[in-house]
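Structure at a glance
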Amino acid sequence: MLHSVKISREACQGCVNCIKVCPVEAIRVVDGEISIMGELCIDCGECLRSCHRQALGIEEDDWNRIKESSRVTLIPDPVFFSQFSHYNDPAQLVDVLQSLDFNLLIDELEEAFDLCSYASAQMISRTPASQLPLISSYCPSVLRLIQSRFPELLPRVVHVCSPLELAADLWRMRTNTTAPVTLLAPCSSKITMKREPQGREQSPIEQAVTVRRVARSIMASNVSPAPSHTPRERNGRWVQWARRGGEAKHIQAFSDKKLTMLAVSGMRNTLDVLQELELGRLRSVDFIECRICDTGCVGGIGTADSRFLANLRLNNMKTNWEITPKDLRRVEGLYAMDFWMVTKEFSPRPRLPLSDNVADAMVKLQQMKEIYSGLPHIDCGSCGRPSCQAMAEEIVRGHGSVTDCIFKLREGISSLANKIVTLSESQPQTLKRRGGSN
Amino acid sequence: MGAPVCLEYRIEGNDFMVAGAASNNIKNTLKMLGIASDICRRVAIITYESEINLVIHAGGGILQAIISEDHVDLVAKDEGPGIPDISKAMIEGYSTATEEAREMGFGAGMGLPNIKRNCDEFDIESTIGKGTTLKCVVYFPQN
């Protein structure tokens with residue numbers, strides 16, 4: 001399992017901050033070395049936010065090398081257009097990037113996001129009411145969370161490829177070129193989407209860098225848009241996907257009837273809504289849009305500007321939600337081509353049980369309960385695991401011993417010390433009379 | 001045949017905020033044992049609905065899950081007011097929940113029918129003024 005969280009072992013001081021915030025309990029510090037359990041990690045980036053020593057970073061491609069090559073083709077995430085205070089209009093920013101000799105796939109992105117929304121709206125209208133709500137597949141971390149924690153919900157995930165990848169597909173189809181495409185990603189999770197694609201064999205995107213890196217490099221280049229030139233009018237619908245609720249609104253624009261949709265963002269909200277859905281308590285909802293980052297993709301770990309400001313800018317941006325007959329014809333044409341659908345099922349990634357055999361696993365579970373009852377239950381993290389429960393589980397799985405717990409270790413030392421005192425007070429038989437009492 | 005794993009939770013009455021913790025715990029335990037995920041989901045629904053019932057109707061009680069190799073026994077026991085007419089309580093949409101519970105989004109009268117739908121064996125005993133005991137069994141299919 002590939003991921004995009006990079007560990008710098010020299011910088012890590014073993015402070016266990018990251019261990020405590022990881023929502024899937026995937027981080028351990030064993031023998032003084034931090035490690036991430038690949039099968040559990042969902043690339044949400046929470047550990048990156050908690051690390052004050054820059055020991056954790058995002059694994060991205062080298063932007064300085066990429067920008068040196070001629071006519072770089074870029075796929076910017078919608079978030080990219082919210083990062084600049086002085087380019088208020090996406091079309092203006094497109095001009096700036098073009099003047100820097102970057103090829104921005106903006107037309108393809110506009111079409112791909114429209115196509116995605118249309119396909120999702122079609123899927124919702126064809127699904128029987130009992131199998132609703134469907135869940136968005138846009139946030140790769142949410143998808144991974146569903147695969148590992150809520151595998152029963154996988155059939156509800158819309159089987160539509162990421163619009164970012166579809167834009168690259170569209171461009172390749174039209175131009176027939178093999179030049180590499182670079183994704184400007186707002187988070188570690190979307191970089192992982194390129195490295196380990198879900199729902200398709202291979203990603204059409206070759207390189208990925210963070211929005212932060214590129215936005216700062218453009219700000220540093222000090223290019224101002226040409227004043228005389230009037231940029232092409234754009235609908236800007238897709239840029240709103242950077243905010244919570246943007247996707248839901250876009251889908252609504254393509255739907256014939258009024259849809260009931262939930263849009264939630266942030267780890268806790270996402271976990272709660274998925275749990276409620278799993279328990280069958282979300283009846284009469286048609287669609288759920290989940291984003292792992294607070295306030296949506298603008299809150300991504302790889303963004304350059306404040307998520308609140310970015311949100312505000314997007315809110316002030318002119319957006320045309322009206323679907324013209326021309327838009328509709330174009331999107332119907334693309335829809336008929338069928339390339340937007342996932343070609344590989346989203347497979348469950350359940351956590352490994354304690355043993356392959358239920359009877360054996362039950363014995364281990366009993367052992368785990370016994371070990372756990374002896375631990376202090378304060379989840380201090382000193383043992384390098386996120387909780388006493390996780391520690392008990394690791395011991396049973398054969399990774400670690402009870403003395404990894406600092407309190408158990410002290411108990412052991414104390415009882416040993418008591419034994420030493422007792423031993424030191426006992427005298428050899430031959431000397432006992434000199435001791436006085438006997 | 002190993003000894004069954006017994007999980008027991010005390011559920012407090014009228015505490016809506018924590019309802020769901022026990023069922024989540026039971027589900028995670030089953031996953032650790034390698035039980036198929038659709039079985040885990042069914043057990044989670046049964047235990048969650050029972051938990052909610054204990055919270056809104058019974059003023060609290062005990063929720064037990066006894067996991068054996070091929071099945072799980074689920075017991076929800078309370079000393080609440082009891083159910084006057086069980087056959088009526090089994091009808092979808094019929095509920096005696098308080099206004100407060102309904103305001104919280106609970107008490108839609110789906111609990112017991114939902115439990116019955118998701119378990120393999122279902123038994124409910126209730127005495128007015130003494131309490132209710134709900135027993136369910138879910139079998140694990142052999143793979």
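Residues numbered from 1 in each chain as written. Chains lettered and ligands numbered in written order. Predicted model: local features only at pLDDT ≥ 70, side-chain atom pairs only at ≥ 80, totals over all residues. Heavy atoms only, no water.

Let's talk about the overall build of chain A
Within chain A, the regular secondary structure consists of 16 helices and 11 strands. On the principal axes, the C-alpha backbone points of chain A span a range of 110 × 55 × 40 Å. Counting across all 438 residues of chain A, residues that qualify as buried make up 52%. Within the structure as shown, chain A displays about 20,700 Å² of accessible surface, and the carbon and sulfur contribution to it stands at 50%. Averaging the locations of the 53 positively and 51 negatively charged side chains of chain A gives two centres separated by 5 Å. (Helix = DSSP H or I, 4+ residues; strand = E, 2+ residues; numbered from the N terminus. Buried < 20%, exposed > 50% of the residue type's maximum accessible area, 1.4 Å probe, protein only. Areas by Shrake-Rupley, 256 points an atom, 1.4 Å probe, with all protein chains shown as cover. Lys, Arg positive; Asp, Glu negative; His and termini not counted. Charge placed at Lys NZ, Arg CZ, Asp CG, Glu CD.)

Quick look at the overall build of chain B
On a plain count of helices and strands, chain B comes out with five helices and five strands. The N-to-C order of helical and strand elements in chain B reads β-α-α-β-β-α-α-α-β-β. Split by element, the accessible area of chain B, about 6,900 Å² in all, is 49% carbon and sulfur.

Observations concerning the interface of chain B and chain A
Size of an interface, as often reported, equals the accessible area lost when the parts are brought together. Listed per partner, the contact involves 28 residues of chain B and 21 residues of chain A. Interface of chain B and chain A: buried area, both sides summed, is about 2,000 Å²; carbon and sulfur atoms make up 60% of it. Interface area lost by chain B to chain A is led by B:Met32, B:Leu33 and B:Glu69, which between them contribute 30%. Taken together, the connections running from chain B to chain A amount to one salt bridge. The salt bridge involving A:Glu278 is made with B:Lys27; its shortest N-O contact spans 2.6 Å. Our count for the chain B to chain A interface comes out at six residue pairs in polar contact (both at pLDDT 80 or more). Elements that contribute at least two residues to the side of chain B that touches chain A include exactly strand S1 (5-12), helix H1 (21-32) and helix H2 (37-56) of chain B. (Contact = heavy atoms within 4.5 Å. Buried area = accessible area lost by both parts, 1.4 Å probe. Salt bridge = Lys/Arg side-chain N within 4 Å of Asp/Glu carboxyl O. Polar contact = N/O pair within 3.5 Å; in protein donor to acceptor, adjacent residues only side chain to side chain.)

Overview of the pairing of strand S2 (residues 60-67) of chain B
Residues and elements named next belong to chain B. With six of eight residues buried, S2 lies mostly within the body of the structure. Alignment of S1 against S2, held across eight bridges, turns out to be antiparallel. Its bridge partner being in S2, Leu7 is matched across the sheet by Ala65. As judged from the seven bridges shared by S2 and strand S3 (residues 71-78), these two strands associate in the antiparallel manner. By the bridge assignment, Gln64 is partnered in S3 with Val75. (Pairing = 2+ DSSP bridges.)

A look at the pairing of S3(B)
Burial runs high along S3(B): six of the eight residues are buried. Here S2(B) folds back onto S3(B), and the loop between the two strands holds three residues.

Points about the sheet that holds strand S4 (residues 121-127) of chain B
Residues and elements named next belong to chain B. Reading across from one edge, S1-S2-S3-S5-S4 is the order of the five strands in this open sheet, with antiparallel pairing throughout. The two strands at the open ends of the sheet, each matched to only one other strand, are S1 and S4. For this sheet the average axis-to-axis angle between neighbouring strands, irrespective of direction, equals 10°. Bridge analysis of S4 against strand S5 (residues 131-139) gives seven bridges, and the strand direction is antiparallel. The residue of S5 that forms the bridge with Asp123 is Lys135. Running over the sheet, H1 touches S1 and S2 and is turned about 165° from S1. (Axes fitted to C-alpha atoms, helices over the stretch in contact; angles between N-to-C directions.)

What about the sheet that holds strand S6 (residues 102-104) of chain A?
Residues and elements named next belong to chain A. What the four strands build is an open sheet, ordered S6-S5-S8-S9; its pairing is parallel. Since the sheet does not close on itself, it has two edges, and those belong to S6 and strand S9 (207-210), each with one partner. Strand-to-strand, the axes of this sheet are offset by a mean angle of 35°, without reference to chain direction. The pairing of strand S5 (residues 72-76) with S6 spans three bridges and is parallel. Paired with Thr73 across the strands is Asn103, a residue of S6. Packed onto the sheet, helix H7 (residues 163-175) meets S5, S6 and strand S8 (181-185) and runs at close to 145° relative to S5.

What about the nonpolar core?
Counting 119 residues, the largest nonpolar core has A:Ile75, A:Phe80, A:Phe81, A:Ile146 and A:Ile292 as its most contacted members. Per element, the largest residue contribution to this core is 10 residues, and it comes from helix H5 (residues 106-126) of chain A. Here A:Phe80 is in contact with A:Leu93, A:Leu97, A:Leu184, A:Val211, A:Val214, A:Ala215 and A:Ile218, once residues within four sequence places are set aside. The next biggest cluster of nonpolar side chains, apart from the first, holds 54 residues, and it includes A:Met368, A:Met391, B:Ala65 and B:Ile115. (Core = buried A, V, L, I, M, F, W, Y, C linked by side-chain atoms within 4.5 Å.)

Some thoughts on the state of the cysteines
Residues and elements named next belong to chain A. For the structure on display, the rule yields zero disulfides over all chains. In this structure Cys47 is a free cysteine whose sulfur lies 6.3 Å from that of Cys44, the closest cysteine sulfur available. The thiol sulfur of Cys383 is not disulfide-bonded, and the nearest other cysteine sulfur, from Cys380, lies at 6.1 Å. (Disulfide = S-S within 2.5 Å.)

Looking at a nonpolar patch on the surface
All names here are of chain A. A grouping of Ile378, Ile406 and Phe407 is seen on the molecular surface, where their side chains present a nonpolar patch of about 260 Å² in accessible area. Here Ile406 is to be found in helix H16 (residues 406-425). A relative accessible area of 41% means that Ile406 is categorised as partly exposed. (Patch = residues over 30% accessible without salt bridge, like charges linked within 9 Å, V, L, I, M, F, W, Y side chains within 5 Å.)

Concerning helix H5 (residues 111-118) of chain B
Residues and elements named next belong to chain B. Within H5, six of the eight residues are buried, leaving the element largely enclosed by the surrounding structure. Buried residues of H5: Gly111, Leu112, Pro113, Asn114, Ile115 and Asn118, and no others. Against H2, helix H3 (86-89), S4 and S5 lie the buried residues of H5.

Quick word on the confidence of the model for chain A
Of the residues in chain A, 97% reach a pLDDT of 70 or more, and the chain-wide mean stands at 87. For chain A, helix H4 (residues 90-99) of chain A is the element with the lowest average pLDDT, namely 82, and strand S11 (residues 287-291) of chain A is the one with the highest, namely 94. (pLDDT = per-residue confidence, 0-100.)

Some words on the confidence of the model for chain B
All names here are of chain B. Taken residue by residue, chain B gives an average pLDDT of 81. The fraction at 70 or more is 85%. The least confident element of chain B is helix H4 (residues 99-103), whose mean pLDDT is 65; the most confident is S5, at 89. Reported confidences for the modelled complex are a pTM of 0.84 and an ipTM of 0.74.

Looking at the environment of A:Ser347
Residues and elements named next belong to chain A. For Ser347, the location among the structural elements is in the loop between helix H13 (325-336) and helix H14 (358-374). Residues Ser347 and Trp171, spaced 176 residues apart in sequence, show a C-alpha to C-alpha distance of 28 Å. For Ser347, the contacting residues outside a window of four places in its chain are Gln147 and Leu154.

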